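The chain contents come next:
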Amino acid sequence: MKDQQRRPQGTPYRRPQRDPVRVLAFEALRAVDERDAYANLVLPGLLRAAEREAVAKGREFDRRDAALATELVYGTLRHQGTYDAVLAACVDRPLREVDPPVLDVLALGAHQLLATRIPAHAAVSATVDLARVVLGEGRARFVNAVLRRVAAQDLAGWLDQVAPPYDEDAEQHLAVVHSHPRWVVSALWDALGGGRAGIEDLLTADNERPEVTLVARPGRATAAELAASLPDGSTEPGRWSPYAVRLAEGGDPAAVDAVREGRAGVQDEGSQLVAAALAAVPLAGRDERWLDGCAGPGGKAALLAGLAAGRGATLVAAEKQPHRARLVSRALAGNPGPYQVVVADGTRPAWAPGSFDRVLVDVPCTGLGALRRRPEARWRRREQDVKNFAPLQRGLLAEALRAVRVGGVVAYATCSPHPAETAAVVRDVLGAASASGDGAADWLDARPFFPGVPSLGPGPDVQLWPHLHGTDAMYLSLLRRTA
């Protein structure tokens, strides 16, 4: 009532409209901020809950509602850096002094104003209503005032104002315009090399909605069978992987029978290519035991297990975290051949040296290669994280080389293109192994095992890129043990 008394006399009170879509988007952003949740994990649950609530109240929560909620959440997270720069110019105090829930509402409003076709008056009105519902009347007035300032210019106008000129500070210009932390821009530019066009293409690709790609798991389904089981026009073949099927925009993998039954899964083509490359390397002699040394959550393990089964080989899938090992077991359930899931630390192996013929270590990393799928990761990671991962990455690769027999092959993979997480790790471990004679290996040319894939660089390792290959920025080195 106190807020009502501040209105000009005679102004009717309008109860704020509770828009379930925008409330859902706000709740997702709060989960990402407060609980370090990942949007791709929290959003599906919120959408299902919203649908149940709508049905219970006799309303409809249709695909357009789900699409708008998804766009609001992912769009706001992807462009958070840009919106922070704009909001900082519209707020009369440092953004760090604005309460996080208020910032989330402001960012949602900024995204609607600057990056969607929602009319400005509707974007402001809907966001102010959201603020009144989730923040209260007083804060809603603040939101209203700030968003009216944001609405005074379009995105191009704001970028001209808040981003430094490229010629004066190229990295900061790209950081603001493409909404990446400056250190990430620098690291990606170093990894990519070249001039302005390439890095701008990469940063732009990071901010695009990724395709949903399915993998047909060998021995349980083929890509042709998977595509044939879905409505005409709802799929496209994979670009590079023989196991891939791409869903049309808006396709829901949870609605695909083969996915529910475990005969197929959701897996980026880059990840599929890494597993397939390891399986394609020719071996002399025994080829009976394969190891996935960092198997959680199970996507590559499921593909490898199917490929191993087709040759009469067994996959051992090792995962340090028990809850992730359970995900691996779920992914491998129904595999046509033998397999084993073990809870084990790859740096303290539970197997004897030389036990395996093929070994994959897809090591923990900063995840800078998957920013399309996990946009919030760019804001959580710090430059120091690269150094923090280094000992683990080197330890896992060194033990993988000890785990494989002489003549066997190790695949070192990361979902990061950062030079310190890729080739530098391989060089250091190979150097140490050569000096000690324990786990010495040759660095194989991985490019022949990516048939038909262009722009693979000078080798011997392979770096995939979102803007060149339409995949996550997966890295792969193939190593054959020699001693």
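What this report covers is the structure whose coordinates are included nearby. Quantities reported herein were computed from a predicted structural model and do not represent experimental measurements.

Definitions and cut-offs
- Residues numbered from 1 in each chain as written.
- Predicted model: local features only at pLDDT ≥ 70, side-chain atom pairs only at ≥ 80, totals over all residues.
- Heavy atoms only, no water.
- Helix = DSSP H or I, 4+ residues; strand = E, 2+ residues; numbered from the N terminus.
- Buried < 20%, exposed > 50% of the residue type's maximum accessible area, 1.4 Å probe, protein only.
- Contact = heavy atoms within 4.5 Å.
- Areas by Shrake-Rupley, 256 points an atom, 1.4 Å probe, with all protein chains shown as cover.
- Pairing = 2+ DSSP bridges.
- Right-handed = clockwise from strand over helix to strand, strands pointing away.
- Phe/Tyr/Trp six-rings, centres within 6.5 Å; stacked < 30°, edge-to-face > 60°.

1. Considering the overall build of the chain
Right, so step 1: When helices and strands are counted, the chain shows 21 helices and twelve strands.
Right, so step 2: Based on the C-alpha atoms only, the size of the chain along its principal axes is roughly 90 × 55 × 40 Å.
Right, so step 3: The buried share of the chain, taken over its 483 residues, is 52%.
Right, so step 4: Counting only contacts in the chain whose residues sit at least 6 apart along the sequence, the fraction spanning at least 24 positions is 72%.
Right, so step 5: Here the chain displays about 21,500 Å² of accessible surface, and carbon together with sulfur accounts for 51% of that area.

2. Quick notes on the pairing of strand 6 (residues 314-319)
Right, so step 1: Buried residues dominate strand 6, accounting for five of its six residues.
Right, so step 2: As judged from the four bridges shared by strand 5 (residues 289-292) and strand 6, these two strands associate in the parallel manner. Across the sheet, Leu291 pairs through a bridge with Val316, a residue of strand 6.
Right, so step 3: Note that strand 6 and strand 7 (residues 339-343) share five bridges and pair parallel. Bridging from a neighbouring strand, Ala317 pairs with Val341 of strand 7.
Right, so step 4: Remark: the strand 6/helix 17 (residues 322-332)/strand 7 crossover connection has right-handed handedness.

3. Examining the packing of aromatic side chains
Right, so step 1: By the definition in use, this model includes two aromatic pairs.
Right, so step 2: With a centroid separation of 5.8 Å and an interplanar angle of 85 degrees, the aromatic rings of Trp351 and Phe356 are classed as edge-to-face. Residues Trp351 and Phe356 agree in their burial class; the two are buried.
Right, so step 3: On the numbers, 6.4 Å between centres and 75 degrees between planes, the contact of Tyr412 with Tyr475 is edge-to-face. Here Tyr475 lies in strand 12 (residues 475-481) and Tyr412 lies in strand 9 (residues 404-414), a separation of 63 residues in the sequence.

Interpretation note: all reported values are geometric properties and have no functional meaning in isolation.
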